[in-house]
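Architecture and fold: a report
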Amino acid sequence: MINETAMKILVAALLSVFGALARLLNQKDKTPLRLSAMISGCLVAAFSGVMAHFLAEFFESPPNLSYVIAGISGWIGPHILDVFANLVMKNTGLKS
């Protein structure tokens, strides 16, 4: 049986994936959705949701708040990670 901590992490990952799916399905005026882009976005969202969960646990947030943060990070996660990666690459000189 899965222990309580693993279950919380799994729920956070799933909520962030649902957040990413909601964002992808909400983009009506964009180009057609490709399956590879959807899977990629969901995996990145799951990663950002799990990281958000660990941050919420570190700051001893209530579990419900942790789940809300995970879902929101799934909604914005892939885009924020891209912005953060570009900033790091520019500041380290890896990208001009």
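This text follows the structure it describes.
The following refers to the structure shown. (Residues numbered from 1 in each chain as written. Predicted model: local features only at pLDDT ≥ 70, side-chain atom pairs only at ≥ 80, totals over all residues. Heavy atoms only, no water.)

**Remarks on the pattern of salt bridges**
For side chains bearing opposite charge, pairing can occur when the charged atoms are close. For the structure on display, the rule yields one salt bridge. Two residues, Lys-8 and Glu-4, come together in a salt bridge whose shortest N-O distance is 3.6 Å. Separated by four residues within a single helix, Lys-8 and Glu-4 lie in helix H1 (residues 4–26), roughly one turn from each other. Residue classification places Glu-4 among the exposed positions, given a relative accessible area of 58%. (Salt bridge = Lys/Arg side-chain N within 4 Å of Asp/Glu carboxyl O. Helix = DSSP H or I, 4+ residues; strand = E, 2+ residues; numbered from the N terminus. Buried < 20%, exposed > 50% of the residue type's maximum accessible area, 1.4 Å probe, protein only.)

**Details of the nonpolar core**
Counting residues in each nonpolar core, the largest one holds five residues, listed as Ala-13, Val-17, Cys-42, Ala-46 and Val-50. Within the residue set of this core, elements represented by two or more residues are H1 and helix H2 (35–58). Every residue in contact with Ala-46, bar those within four places of it in the chain, is listed here: Ala-13, Ser-16 and Val-17. (Core = buried A, V, L, I, M, F, W, Y, C linked by side-chain atoms within 4.5 Å. Contact = heavy atoms within 4.5 Å.)

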